[in-house]
Amino acid sequence: NTALERLNLGRNNITDRGAGLLAEALRVNTALEKLWLQQNKITDEGAGLLADALRGNTALKMLGLGNNKITDRGAGLLADALRGNTALKKLDLGWNKITDRG
């Protein structure tokens, strides 16, 4: 799809499996700029899958992962992925289980 620029999938009970499917789509994404995944059931596993997809993604500018089940481990995976990503400008991880270590 080269037309869809924004997608809000908040409050849809998306699990790590769903995050993995979205990650597959993000790997070939050239149009989607904003993706909201707040208030789902995504854990560190799903965060890691999304992180892997972000490494090569050049279109996504905003990713909302607030109010999921992500811990310091998932935050670290996302941080590592963002070292090589120059497109993403905003990452929302509020209301997760992330401490100062994450």
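None of these values were measured; they are calculated from a predicted model.

## Observations concerning helix 3 (residues 72–82)
Okay, step 1: If you check which residues of helix 3 are buried, you get Gly-74, Ala-75, Leu-78 and Ala-81. All buried residues of helix 3 project into a common sector of 125 degrees when viewed along the axis, lining one side.
Okay, step 2: Lining the buried residues of helix 3 we find helix 2 (44–54) and strand 4 (90–92).

## Some points on the sheet that holds strand 1 (residues 6–8)
Okay, step 1: Ordered by their spatial adjacency, 4 strands build an open sheet running 1-2-3-4, and the pairing between neighbours is parallel. Single-partner strands in this sheet number two, and they are strand 1 and strand 4. Neighbouring strand axes in the sheet, compared pairwise and without regard to direction, differ in orientation by 0 degrees on average.
Okay, step 2: Looking at chain direction, strand 1 and strand 2 (residues 34–36) are connected through 3 bridges and run parallel. The partner of Leu-7 across the bridge, within strand 2, is Leu-35.

## As for the pattern of salt bridges
Okay, step 1: Evaluated as defined, the whole model comprises 3 salt bridges.
Okay, step 2: The partner of Lys-61 in a salt bridge is Glu-33, and the shortest N-O contact between them spans 3.9 Å. Taken together, the residues Lys-61 in the loop between helix 2 and strand 3 (62–64) and Glu-33 in the loop between helix 1 (16–27) and strand 2 connect sequence positions 28 residues apart.
Okay, step 3: A residue is classified by how much of its surface remains accessible, and Lys-61, at 41% relative accessible area, is partly exposed.

Calculation rules
- Residues numbered from 1 in each chain as written.
- Predicted model: local features only at pLDDT ≥ 70, side-chain atom pairs only at ≥ 80, totals over all residues.
- Heavy atoms only, no water.
- Buried < 20%, exposed > 50% of the residue type's maximum accessible area, 1.4 Å probe, protein only.
- Helix = DSSP H or I, 4+ residues; strand = E, 2+ residues; numbered from the N terminus.
- Arc of directions from axis to C-beta.
- Contact = heavy atoms within 4.5 Å.
- Pairing = 2+ DSSP bridges.
- Axes fitted to C-alpha atoms, helices over the stretch in contact; angles between N-to-C directions.
- Salt bridge = Lys/Arg side-chain N within 4 Å of Asp/Glu carboxyl O.

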